[in-house]
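As a plain string of letters, each chain reads:
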Amino acid sequence: EDQVTQSPEALRLQEGESSSLNCSYTVSGLRGLFWYRQDPGKGPEFLFTLYSAGEEKEKERLKATLTKKESFLHITAPKPEDSATYLCAGVSNFGNEKLTFGTGTRLTIIP
Amino acid sequence: EPEVTQTPSHQVTQMGQEVILRCVPISNHLYFYWYRQILGQKVEFLVSFYNNEISEKSEIFDDQFSVERPDGSNFTLKIRSTKLEDSAMYFCASRRQNLGSPLHFGNGTRLTVT
């Protein structure tokens, strides 16, 4: 059974304090690893797709990386507006997009 | 930027009643999905839909659930006889035709079954 595990469950950082969120997966034949941001009461908002080990993607203060067993979301000098729950999801079959989600990391940036 | 829209934002219904959740996917997208998130739990896949057919469905998507694209813009999820455990946030998503393109989610319908 495909599984995605995220850690930590919650993370509180001071504004400007960089850190990393972890997503480890056991998805047989992983074809893609997605990162989403979810604000309270809203739907997941797409951030990145990673397709193969060694790949990196960046957007503003966020950088996502992928190895054969896990993915990291690095947050550099975060701001309060980066506070959200960050979800990762794996997919083994492009076509049906049956994404397997982790439970997310709830990130709080304190001004 | 185009977005997936869902209505209503909140639906309260009594156990045993039928509900229809509505979605307008992004206009040039061809693949459509329903996911749900029970409070405090993971986002879970329900069903994928392409070319007016279900492509894949999960164990959750039993005979009480159905999906339909009644016209060129709407995509609906029907629950025939709601149960207390159907209470959740239901998300519609869509994506472009290119394989590997990401899913874009709506803001969900919060379904409360009493």
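Structural data are supplied above this passage.
The shown structure was predicted, so the numbers you read here are calculated from the model rather than taken from an experiment.

Participant: Just to check I follow, could you spell out the overall build of chain B for this structure?
Facilitator: Each helix and strand counted, chain B has 0 helices and 11 strands in total. Listing the helices and strands of chain B from first to last along the sequence gives β-β-β-β-β-β-β-β-β-β-β. The globule rule puts the C-alpha radius of gyration for 114 residues at 13 Å, and the 13 Å found for chain B is close to it. Seen through its principal axes, chain B has C-alpha atoms that stretch 40 × 25 × 25 Å.

Participant: In this structure, what is going on with unusual backbone geometry? I would like to understand it.
Facilitator: Across the chain, the bulk of peptide bonds are trans and the bulk of non-glycine residues have phi less than zero. Omega for the peptide link from A:Ser7 to A:Pro8 comes to -10°, which places this bond in the cis form. With respect to the helices and strands, the residue A:Pro8 is situated in the loop between strand E1 (3-7) and strand E2 (10-14). The residue after B:Thr7, namely B:Pro8, is reached through a cis peptide bond having omega -10°. Looking at where B:Pro8 falls in the secondary structure, it is placed in the loop between strand E1 (5-7) and strand E2 (10-13). Notably, A:Glu60 is not glycine yet its phi reads approximately 55°, a positive angle. Along the chain, A:Glu60 falls in the loop between strand E6 (56-59) and strand E7 (62-66). One non-glycine residue, B:Asn52, lies in positive phi territory at about 65°. Relative to the assigned elements, B:Asn52 resides in the loop between strand E5 (43-50) and strand E6 (53-57).

Participant: Please explain the pattern of salt bridges as it appears in this structure.
Facilitator: Close approach of charged atoms lets side chains of opposite charge pair. One pass over the structure, following the stated rule, counts 6 salt bridges over all chains. As a salt-bridge pair, A:Glu55 and A:Lys57 come within 3.5 Å of each other at their nearest N and O atoms. With a relative accessible area of 18%, A:Glu55 lands in the buried category. For A:Lys57, a relative accessible area of 28% translates into the label partly exposed. With a shortest N-O distance of 4.0 Å, B:Glu56 and A:Lys98 are connected by a salt bridge. Residue B:Glu56 is found in strand E6, and its partner A:Lys98 is found in the loop between strand E9 (84-91) and strand E10 (100-101); the two belong to separate chains.

Cut-offs and rules
- Residues numbered from 1 in each chain as written.
- Chains lettered and ligands numbered in written order.
- Predicted model: local features only at pLDDT ≥ 70, side-chain atom pairs only at ≥ 80, totals over all residues.
- Heavy atoms only, no water.
- Helix = DSSP H or I, 4+ residues; strand = E, 2+ residues; numbered from the N terminus.
- Rg over C-alpha atoms; globule rule 2.2 N^0.38 Å.
- Salt bridge = Lys/Arg side-chain N within 4 Å of Asp/Glu carboxyl O.
- Buried < 20%, exposed > 50% of the residue type's maximum accessible area, 1.4 Å probe, protein only.

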